Amino acid sequence: NAGVMQNPRHLVRRRGQEARLRCSPMKGHSHVYWYRQLPEEGLKFMVYLQKENIIDESGMPKERFSAEFPKEGPSILRIQQVVRGDSAAYFCASSRRTADNEQFFGPGTRLTVL
Amino acid sequence: RKEVEQDPGPFNVPEGATVAFNCTYSNSASQSFFWYRQDCRKEPKLLMSVYSSGNEDGRFTAQLNRASQYISLLIRDSKLSDSATYLCVVNPPSGTYKYIFGTGTRLKVLA
C-alpha cells in the first residue's frame, strides 16, 4: 500500500515563475492537507481539501497561492509569481476521514526560489 | 504567546539515558495531541497519540496534563536511532484536521 506521494521532490524556480506541487494521497484516503515548513520553523497548516472541494484555506496566503483536488488525479498546490520567501518545504498529508485525526505525510517538495 | 511551544534543544544525551521533553499549548479547549518524529529533511512520522490517561509504547511514554496545558514525552534507554526532531502536535477545537505544530525539540543520542 503506497504511502502519500509528492512530486517533484525538489523544485527550483526563478522569481516570477510558477510552481506546481503535486500530491497523491494514500489509497482510500479522500482528505488532503497541505502544510508549509520554513527553515528552522514548525509546519504551518495551509489548506484542507476533499475531492473537488476546498474545505478550509485559512492558512493559505490570499494572493498567488491556490489549491485544488480534482475528481481525477492528484491534488495540486500552485504558487504563481514565486518570490524568495516562498522557499520552503511543502508537505502534503492525507487521512481516510476527518474523524480519524491521524494524518499521514508525504516526503515533501523542497521549493527553492532563486 | 505561541499556540504550541517546545524547547528547541538540542538535547545531547548518551546512549542508554532517559530523556524527557515537554510541550505547552495555549488553547485549553484543544482536543487531541500527538508526538511526531521528523528526521533531517524528511517528512514527519507519527510516533504516538497522547491520551488523557497517558500511554506507553515500548521505550516511549506520553502524558497529558490538561490542568497545566502541557504534554510530555519520555524516552527510556535512548538509542542512537532515536536522534531526530520531536514535534508536538495539537488539534484546536475549531478543526480537528488543523494540526498545529510546535517547532520541535532536537535530540542527539551520543555513542
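A few points on the structure. A quick note: this is a predicted structure, and the numbers were derived from the prediction, not measured.

### Considering the overall build of chain B
Part 1 of the argument: If you tally the helices and strands in chain B, you get zero helices and eleven strands.
Part 2 of the argument: Whereas a compact globule of 111 residues would reach a radius of gyration of roughly 13 Å, chain B reaches 13 Å, a difference of no more than 12%.
Part 3 of the argument: For chain B, the C-alpha atoms occupy an extent of roughly 45 × 30 × 20 Å along the three principal directions.
Part 4 of the argument: For chain B, with 111 residues in total, the buried portion stands at 48%.
Part 5 of the argument: Residue pairs in contact within chain B that sit at least 24 positions apart in sequence constitute 57% of those at least 6 positions apart.

### A few points about the interface of chain A and chain B
Part 1 of the argument: Facing the 19 residues of chain A at the interface are 18 residues of chain B.
Part 2 of the argument: Linking chain A with chain B are one salt bridge, by the criterion used here.
Part 3 of the argument: For the salt bridge of D56(A) with K98(B), the shortest nitrogen-to-oxygen distance reads 3.1 Å.
Part 4 of the argument: Applying the counting rule to chain A against chain B returns seven residue pairs in polar contact (both at pLDDT 80 or more).
Part 5 of the argument: Looking at the side of chain A that touches chain B, the elements with two or more residues in it are β4 (31–37) and β5 (43–50) of chain A.
Part 6 of the argument: Of the residues contributing to the side of chain A that touches chain B, the split by class is eight nonpolar, seven polar and four charged.

### Considering the nonpolar core
Part 1 of the argument: By size, the foremost hydrophobic cluster in this structure holds 24 residues, and its most contacted members are F21(B), W35(B), I71(B), L73(B), I75(B), Y86(B) and L107(B).
Part 2 of the argument: Counting residues per element, the ones that place at least two in this core are β3 (19–25), β4 (32–38), β5 (44–50), β7 (60–65), β8 (70–75), β9 (84–91) and β11 (105–110) of chain B.
Part 3 of the argument: Grouped together as the second largest cluster of nonpolar side chains are 23 residues, V4(A), M46(A), I79(A) and L111(A) included.

### Section: unusual backbone geometry
Part 1 of the argument: Across the junction of N7(A) and P8(A), the peptide omega takes the value -5°, indicating a cis bond.
Part 2 of the argument: Examined against the element boundaries, P8(A) turns out to sit in the loop between β1 (5–7) and β2 (10–13).
Part 3 of the argument: The omega angle of the peptide bond from G9(B) to P10(B) is 10°, so this bond is cis rather than trans.
Part 4 of the argument: Inspection of the secondary structure puts P10(B) in the loop between β1 (4–6) and β2 (11–14).
Part 5 of the argument: Even without a glycine there, the phi angle at D77(B) is positive, about 50°.
Part 6 of the argument: Considering the arrangement of structural elements, one finds D77(B) in the loop between β8 and β9.

Scoring rules and cut-offs
- Residues numbered from 1 in each chain as written.
- Chains lettered and ligands numbered in written order.
- Predicted model: local features only at pLDDT ≥ 70, side-chain atom pairs only at ≥ 80, totals over all residues.
- Heavy atoms only, no water.
- Helix = DSSP H or I, 4+ residues; strand = E, 2+ residues; numbered from the N terminus.
- Rg over C-alpha atoms; globule rule 2.2 N^0.38 Å.
- Buried < 20%, exposed > 50% of the residue type's maximum accessible area, 1.4 Å probe, protein only.
- Contact = heavy atoms within 4.5 Å.
- Salt bridge = Lys/Arg side-chain N within 4 Å of Asp/Glu carboxyl O.
- Polar contact = N/O pair within 3.5 Å; in protein donor to acceptor, adjacent residues only side chain to side chain.
- Nonpolar A, V, L, I, M, F, W, Y, C, P; charged D, E, K, R; others polar.
- Core = buried A, V, L, I, M, F, W, Y, C linked by side-chain atoms within 4.5 Å.

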